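One letter stands for each residue in the lines below.
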Amino acid sequence: MKKTQSFFTLIGILLLCGGLLLSWFCADASPLLLYPSEDAVDLTEAFTNTLRSGDLDTAGSLLLGQPRFTFEPLPEPSIEALLWTAYIQSLQFTFQDGLSPDNTGCCRSVTVTGLDIPALMQQLKEEAPELLAQEAALIGEDLAFGEDNHYRQDFVMEVLYRSVQERLTGSYPTASREYRLELVLQDDVWKILPNQDLLDLICGKIA
């Protein structure tokens with residue numbers, strides 16, 4: 001009887017020590033979901049796929065509250081249309097680990113890389129005076145300037161359009177950032193919680 005008691009006492013001590021060691025080694029470890037939701041994982045990937053395809057209506061439907069992103073059709077050809085098409089085509093998404101528990105439910109991190117439109121426009125702004133002067137010298141001041149001695153609007157837009165077009169077919173600035181997609185369960189359906197950075201991303205700016 002004493003041997004049996006000693007055996008169970010030893011087992012209890014080993015289990016206690018094992019638990020203490022496990023707690024010590026895992027103190028700094030990130031919590032993981034033991035049973036990650038396949039629907040939640042699918043939602044994050046569906047969301048990035050809709051952005052990659054430029055389907056903003058579907059992207060909005062995957063967010064909590066289902067905001068609608070309606071934009072006026074961009075005129076063709078235009079600098080705005082060039083930039084938007086290039087932005088959508090440049091987007092790359094790299095998911096980190098799987099789902100992690102979060103205050104809202106769960107979350108998933110994704111790194112987004114794409115065209116940095118503000119940086120490109122800053123470059124264009126800095127180089128525009130020289131570009132316009134060069135083009136004006138080529139075609140003649142009579143065609144480049146209006147009666148008010150300022151560059152004609154159609155001349156300016158044509159020069160800038162060609163410049164943007166050339167940049168987008170070559171090397172252009174990109175931005176990269178990690179986003180945290182927070183997911184909530186509403187009426188048994190997973191939705192992504194929108195925030196300002198995510199809305200900026202949808203509208204063409206990698207914050």
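Presented here is a report on the structure given in the accompanying data block. (Residues numbered from 1 in each chain as written. Predicted model: local features only at pLDDT ≥ 70, side-chain atom pairs only at ≥ 80, totals over all residues. Heavy atoms only, no water.)

## Some points on the pattern of salt bridges
- For the coordinates displayed, the defined rule picks out eight salt bridges.
- Among the salt bridges present, the one from aspartate 102 reaches arginine 180, with a minimum N-O distance of 2.3 Å. Here aspartate 102, found in the loop between β2 (100–101) and β3 (106–115), pairs with arginine 180, found in strand β4 (residues 174–186); they are 78 residues apart in sequence, far enough to count as distant.
- What makes aspartate 102 buried here is its relative accessible area of 16%.
- Across the pair arginine 152 and aspartate 154 runs a salt bridge, and its minimum N-O distance is 2.7 Å.
- Assessed through its relative accessible area of 32%, arginine 152 is described here as partly exposed. (Salt bridge = Lys/Arg side-chain N within 4 Å of Asp/Glu carboxyl O. Helix = DSSP H or I, 4+ residues; strand = E, 2+ residues; numbered from the N terminus. Buried < 20%, exposed > 50% of the residue type's maximum accessible area, 1.4 Å probe, protein only.)

## A closer look at helix α4 (residues 79–90)
- In a regular helix each residue adds 1.5 Å, so twelve residues correspond to 16 Å; α4 covers 16 Å between its end C-alpha atoms and thus fits that length.
- Those residues of α4 lying buried are Ile79, Ala81, Leu82, Leu83, Ala86, Tyr87, Ile88 and Ser90.
- Lining the buried residues of α4 we find α2 (38–53), β1 (92–95), β3, α5 (117–139), α7 (153–168) and α8 (196–202). (Expected span 1.5 Å × (residues − 1). Contact = heavy atoms within 4.5 Å.)

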